[in-house]
Amino acid sequence: MRTLRKLTTTLLLPHPMLTSLLSLSERRLIWLFIGILTVKIGYIVGNGLELIGDESYYWDWSRQPDWCYYSKPPMVAWIIAVATTLGGSSVESVRLPAAILNLLTLVYLYKTTSALYSPKAGCLALLMLIAMPFNVLLGFIMTIDAPLCCFWAMSLYYLAQALFKQRDKAWLWAGCATGAAVLSKQVALLLPLMVLIFLALEQNRRQLLLSRCFFSYLAPVLLSLIPILAWNAEHDWVMYEHSKHHLTQEVLNLSARASQAASFIGYQLLLISPLLCVLVISDSAKRLRHFKQLNAAEQFLTLTGPVLLAGIFLLNIGQKTQGNWAVPFYFSAIILISGSYSQLKTLPNSLTNGIKLGLGLVLITYALPLLISVFNLTNSPLDPTSRFKYWRQLATQVDNYRQQHGQDAFIITLGHRFMTSELAFYLPEQPQVYRYETTGQIASQYELWPGPNDPIGHSAYLIVEHKYIPLPKAITNAFEHIQTLGQIENPLDISNPYHVLLAQGLKQWPVLSRPD
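In this report, we go over the structure that sits alongside the text. (Residues numbered from 1 in each chain as written. Predicted model: local features only at pLDDT ≥ 70, side-chain atom pairs only at ≥ 80, totals over all residues. Heavy atoms only, no water.)

**Here's the deal with helix α17 (residues 306-318)**
Now for step 1: Taking 1.5 Å per residue as the helical rise, α17 with its 13 residues ought to reach 18 Å, and the 19 Å between its terminal C-alpha atoms agrees with that figure.
Now for step 2: Listed as buried for α17 are Pro306, Leu308, Leu309, Ile312 and Asn316. Along the axis of α17, the buried residues cluster in a sector spanning 165°; they form a single face.
Now for step 3: Residues of α17 that are buried in the fold lie against α9 (145-164), α11 (190-201), α14 (254-272), α15 (274-289), α16 (296-304) and α18 (330-341). (Helix = DSSP H or I, 4+ residues; strand = E, 2+ residues; numbered from the N terminus. Expected span 1.5 Å × (residues − 1). Buried < 20%, exposed > 50% of the residue type's maximum accessible area, 1.4 Å probe, protein only. Arc of directions from axis to C-beta. Contact = heavy atoms within 4.5 Å.)

**As for the side chain of aspartate 399**
Now for step 1: Tracing the sequence through the fold places aspartate 399 in helix α20 (residues 391-405).
Now for step 2: Dropping the residues within four chain positions of it, aspartate 399 is found in contact with Gln407, Leu427 and Pro428.

**Description of unusual backbone geometry**
Now for step 1: Cis geometry marks the peptide bond from isoleucine 469 to proline 470; its omega dihedral reads 5°.
Now for step 2: The topology assignment puts proline 470 in the loop between β3 (460-465) and α22 (473-476).
Now for step 3: For glutamate 429, which is not glycine, the phi torsion reads 70° and is therefore positive.
Now for step 4: Mapping glutamate 429 onto the fold places it in the loop between α21 (417-426) and β2 (433-435).
Now for step 5: Take glutamate 429: its relative accessible area is 77%, and that puts it in the exposed class.
Now for step 6: Here glutamine 430, not a glycine, exhibits a phi torsion of approximately 45°, which is positive.
Now for step 7: Locating glutamine 430 in the fold gives a position in the loop between α21 and β2.

**Re the pattern of salt bridges**
Now for step 1: By the definition in use, this model includes ten salt bridges.
Now for step 2: For aspartate 283, the salt bridge identified is with arginine 287, shortest N-O distance 3.0 Å. Taken together, the residues aspartate 283 and arginine 287, both in helix α15 and four residues apart, mark about one turn of the helix. Taken as a pair, aspartate 283 and arginine 287 share a single burial class, namely buried.
Now for step 3: With a closest N to O distance of 2.9 Å, arginine 435 and glutamate 447 form a salt bridge. Of this pair, arginine 435 sits in strand β2 while glutamate 447 sits in the loop between β2 and β3, placing them twelve residues apart in sequence.
Now for step 4: Judged by relative accessible area, arginine 435 falls into the buried class, the value being 14%.
Now for step 5: Glutamate 447 gets classed as buried once you look at its relative accessible area, which sits at 13%.
Now for step 6: Here the salt bridges share partners, and the residues they tie into one network are Asp283, Lys286, Arg287 and Glu298. (Salt bridge = Lys/Arg side-chain N within 4 Å of Asp/Glu carboxyl O.)

**Description of the environment of threonine 113**
Now for step 1: Within the secondary structure layout, threonine 113 lies in helix α6 (residues 91-116).
Now for step 2: Under the relative-accessibility criterion, threonine 113 is labelled buried at 0%.
Now for step 3: With residues up to four places along the chain from it excluded, the contact list for threonine 113 reads Ser118, Ala121, Gly122, Ala125, Ile335 and Ser338.
Now for step 4: A polar contact of 2.8 Å, which involves the side chain of threonine 113, links it to the backbone oxygen of leucine 109. (Polar contact = N/O pair within 3.5 Å; in protein donor to acceptor, adjacent residues only side chain to side chain.)

**Brief notes about the side chain of serine 342**
Now for step 1: Relative to the helices and strands, serine 342 is located in the loop between α18 and α19 (349-374).
Now for step 2: A polar contact of 2.9 Å, which involves the side chain of serine 342, links it to the backbone oxygen of serine 338.
Now for step 3: If we skip the residues at most four places from it in the chain, serine 342 touches Ser118, Lys120, Ala121 and Leu124.

**Considering a nonpolar patch on the surface**
Now for step 1: On the surface, a nonpolar cluster with roughly 500 Å² of combined accessible area is contributed by Ile364, Leu370, Leu371, Val374 and Phe375.
Now for step 2: Note that leucine 371 resides in helix α19.
Now for step 3: Overall, leucine 371 belongs to the partly exposed group, its relative accessible area being 31%. (Patch = residues over 30% accessible without salt bridge, like charges linked within 9 Å, V, L, I, M, F, W, Y side chains within 5 Å. Areas by Shrake-Rupley, 256 points an atom, 1.4 Å probe, with all protein chains shown as cover.)

**Concerning the environment of serine 114**
Now for step 1: Checked against the element boundaries, serine 114 lands in helix α6.
Now for step 2: Under the relative-accessibility criterion, serine 114 is labelled buried at 17%.
Now for step 3: Remark: the alpha-carbon pair of serine 114 and isoleucine 130, spanning 16 residues in sequence, is separated by 16 Å.
Now for step 4: Among residues more than four places away in sequence, those in contact with serine 114 are Pro119 and Gly122.

**A look at α16**
Now for step 1: Among the nine residues that make up α16, nine are buried, leaving the element largely enclosed by the rest of the structure.
Now for step 2: Taken together, the buried positions of α16 are Ala296, Ala297, Glu298, Gln299, Phe300, Leu301, Thr302, Leu303 and Thr304.
Now for step 3: As for α16, its buried residues are in contact with α6, α9, α11, α15, α17 and α18.
Now for step 4: N-capping of α16 is provided by asparagine 295, with a side-chain oxygen placed 3.2 Å from the backbone N of alanine 297.

**Considerations on the pairing of β3**
Now for step 1: Across the six residues that make up β3, a large majority, six, are buried.
Now for step 2: Burial along β3 is two-sided: Ala460, Leu462 and Val464 facing one way and Tyr461, Ile463 and Glu465 facing the other are all buried.
Now for step 3: Taken together, the five bridges between strand β1 (residues 410-414) and β3 define a ladder with parallel strand orientation. Pairing of leucine 414 across the sheet is with valine 464, part of β3. (Pairing = 2+ DSSP bridges.)

Dropping the structure here:
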């Protein structure tokens, strides 16, 4: 109870104490960063949460390094490959890069804000980002967002140095950072687009468009596109088609639009925290209305933040958008708010209350595994950690069948790609697991990879979601005999259990075919 009271007191920081906290952060900045990294690594090691589907999927990519993959550029797989080569294929090794990348994100956000405004503003920006729950996720879930946000924040810093401090070498560093961001996620191409628009709008800097400095920025970005384009040219532009699908979905009807918009806004309120989210949106709207009156640095930050935020909110009106798409766009908005408010003698209530509430939500986010257990909410609708559970349990139960019927057979799954990658990660020896796509389409990286070498005559375990029973003819025709071994309960979907079958005597590797 004493600890709880201390936490409550901390969350109810009066304004002078919050100001003192900012001052202390400025004086002990290195120790603050060391403390943040220690907390994040400790949480990765101690939370007991399993890899979510995206993490195991990217880990499976990392076992076959390539220039690009089905849906994303290669950076996340490359980073995981380095981490697991050094530390082994464990949950901790997969996730440790997320903590390091997130620390770099915080460092560069601070550096950018300090360079454009003041160290006090930098600490305020740092505190704002720490008070946003999505930053917790960035620091321990190793998906594309961790490297994207890191290299996006780096790009902002070096671009600010190049544009407003006249440091010519910063152009090249900015280009390298943006190139790394492009290799993390396609959306990073918006950065050079915004730089181009900024230079075109800024009469005093328009001549930079034809300068060697600007070319030194663009060159690494263009180089980063070469492996992506070359790989896609060899694979029928599959990543382009996948990305185009996100932006050319069927227009939703009015009811669906309202539902989707409400869902997206709800995600933003949770990820950013309600008060800070409202503050960011209202401040961004003000910047957009008075764009011409802003100074050059503020216009640049508005283009790389509020303008992109407005774009994603408008996109959400007509089609489905993911809640995490807007995350890097908040960085420039945070810098703008911190720069403006740090010049005031006292911080406004809207900001201080937003930070307090955000810190409370961050603490709750860190404590979720414990709270779910204490209040017996496991596997309930109120359990947001369900995505992090049960995969090890499924792999153990599948391995029990392998122990009983022989482990020489390879494994084929019929179901979501996450089941394939989670089994590959959590089964002993981490075998290669293959996937059959029942639609006959290329729907994941697994359809681009070949089957096992010389499989003819071998047996296979089929791990099948219930909705794919009876089996497709392409599967039944591929083996001499198939027998059912049993079922495994699916805690995340009771109506869709897993079936375990033993398929003997492979006659031909099952090729993708249209449904019967």
